[in-house]
Amino acid sequence: MLTLASKLKREEGVRAGRTPAGSNDASHRVSIRDRLLIKDVSELEANLPNTCKLTFPDENKLCHFQLAISPDEGYYLGGKFQFEIEVPEAYNMVPPRVKCLTRIWHPNIAETGEICLSLLREHSIDGTGWAPTRTLKDVVWGLNSLFTDLLNFDDPLNIDAAEHHLRDKEDFRNKVQDFIRNYAR
């Protein structure tokens, strides 16, 4: 899976003076982001919640992947929600960019896919935003928790969904299930 790791090994061989025939040093450079991603993805795959599945469209590009979350409890039980995660070159100084690809009725996810999760904020006044000590595992576990314990009706991104929940919890549940039937199977 981590074919980028083989590129890293080749680079280490070049630095040790074991240059493969016909190659130049520039073609074997691995960015700091990619070095961090090799470690982060390995840790993530070893600690992935059982409700989550990772997909790498190009196994040589660990900086772009998709996450599928299938909640096993709560309002969103029975749905399968797709997220696209793009890790910028400045990672881990800046957070990954995450977008929900599945249309959803959720107080912390806009119907257009934007996500309200404090650890994805580059600058946060409450101290819970992104920090260089955070990893992709934190991001995935945070996204997974948006369907259970981090579901936040008090500080919504989708105000209509939060107000709907306050007005009529049963009708909110029905609308969530309609969205799951229509968009999240």
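Quantities reported herein were computed from a predicted structural model and do not represent experimental measurements.

(A) Focus on the overall build of the chain. Scanning the chain from N- to C-terminus turns up five helices and four strands. Taken from the N to the C terminus, the helices and strands of the chain come in the order α-α-β-β-β-β-α-α-α. Counting every position in the chain, which comprises 185 residues, the buried fraction comes to 43%. The long-range fraction of contacts in the chain, counting pairs at least 24 apart against all pairs at least 6 apart in sequence, stands at 55%. By element, 49% of the accessible surface of the chain is carried by carbon and sulfur atoms, the whole surface being about 10000 Å².

(B) Up close: the packing of aromatic side chains. Taken as a whole and judged by the stated rule, the model has 11 aromatic pairs. Measuring from ring centre to ring centre gives 5.9 Å for W105 and F179, while their planes differ by 40°; the resulting arrangement is tilted. One end of the pair, W105, is in the loop between strand 4 (97–100) and helix 3 (136–145); the other, F179, is in helix 5 (residues 169–183), and 74 residues separate them in sequence. The exposure classification of W105 matches that of F179, with both residues buried. An aromatic cluster is built from Y75, Y76, F81, F83, F147, F153 and F172, whose rings are joined through pairwise contacts. Across from the ring centre of W105, 3.8 Å away, lies the NZ or CZ of K175, which sits over that ring.

(C) Representation of the packing of helix 2 (residues 32–46) against helix 3 in the model. Between helix 2 and helix 3, whose axes approach to 8 Å, the crossing angle comes to 40°. Our classification of the angle between helix 2 and helix 3 gives oblique. Between helix 2 and helix 3, the contacting residues are L37, D40, V41, E43 and L44 on the first element and L136, K137 and V140 on the second. Residue composition of the contact of helix 2 with helix 3, by class: five nonpolar, no polar and three charged.

(D) Summary view of the packing of helix 4 (residues 159–167) against helix 5. Contact geometry for helix 4 and helix 5: axes closest at 5 Å, N-to-C directions at 135°. Between helix 4 and helix 5, the angle is such that the two are oblique. In contact with A161, H164, H165 and R167 of helix 4, helix 5 contributes K169, D171, F172 and K175. Among the residues making up the contact of helix 4 with helix 5, the classes are represented as two nonpolar, two polar and four charged.

(E) Representation of the pattern of salt bridges in the model. The final tally for this structure, using the stated rule, is five salt bridges. A salt bridge links R33 to D34, with the shortest nitrogen-to-oxygen separation between them at 3.2 Å. Taking the shortest distance from any N to any O, the salt bridge between R33 and E89 comes out at 3.3 Å. One end of the pair, R33, is in helix 2; the other, E89, is in the loop between strand 3 (81–86) and strand 4, and 56 residues separate them in sequence. A residue is classified by how much of its surface remains accessible, and R33, at 11% relative accessible area, is buried. Sharing partners across several salt bridges, the network here consists of R33, D34 and E89.

What counts as what
- Think of each chain on its own: its residues are numbered from 1, step by step along the sequence as written.
- Reporting of local features is limited, given that this is a predicted model, to residues whose pLDDT is at least 70; pairs of side-chain atoms are given and counted only at 80 or more, and all residues count toward the totals for whole chains, interfaces and linings.
- Side-chain metrics in this entry use all non-hydrogen atoms of the structure; hydrogen atoms and water are not considered.
- Runs of E in the DSSP output that reach at least two residues are strands. Runs of H or I that reach at least four are helices, and both are numbered from the N terminus.
- Burial here depends on accessible area, computed with a 1.4 Å probe over protein chains only, as a share of the maximum for the residue type. Under 20% is buried, over 50% is exposed, and the range in between is partly exposed.
- Contacts are assigned to residue pairs with any non-hydrogen atoms lying within 4.5 Å of each other.
- Per-residue accessibility takes into account occlusion by the displayed protein chains alone, with areas from the Shrake-Rupley method and a 1.4 Å probe.
- When two rings of Phe, Tyr or Trp (its six-membered ring) have centres within 6.5 Å they constitute a pair, described as stacked for plane angles under 30 degrees, edge-to-face for angles over 60, and tilted for the intermediate range.
- The rule for a charge over a ring is simple: NZ of Lys or CZ of Arg within 6 Å of the ring centre, and within 35 degrees of the ring normal.
- With axes taken as lines fitted to C-alpha atoms, and helix axes fitted only over the stretch in contact, angles between N-to-C directions fall between 0 and 180 degrees.
- In this scheme, roughly parallel covers angles under 35 degrees and roughly antiparallel covers those over 145, while 65 to 115 is roughly perpendicular and the rest are oblique.
- Each residue receives one of three labels: charged for Asp, Glu, Lys and Arg, nonpolar for Ala, Val, Leu, Ile, Met, Phe, Trp, Tyr, Cys and Pro, and polar for the others, Gly being one of them.
- Should a side-chain nitrogen of Lys or Arg be within 4 Å of a carboxyl oxygen of Asp or Glu, the pair is scored as a salt bridge.

It is worth stressing that arrangement in space is one thing and function is another; only the former is reported here.
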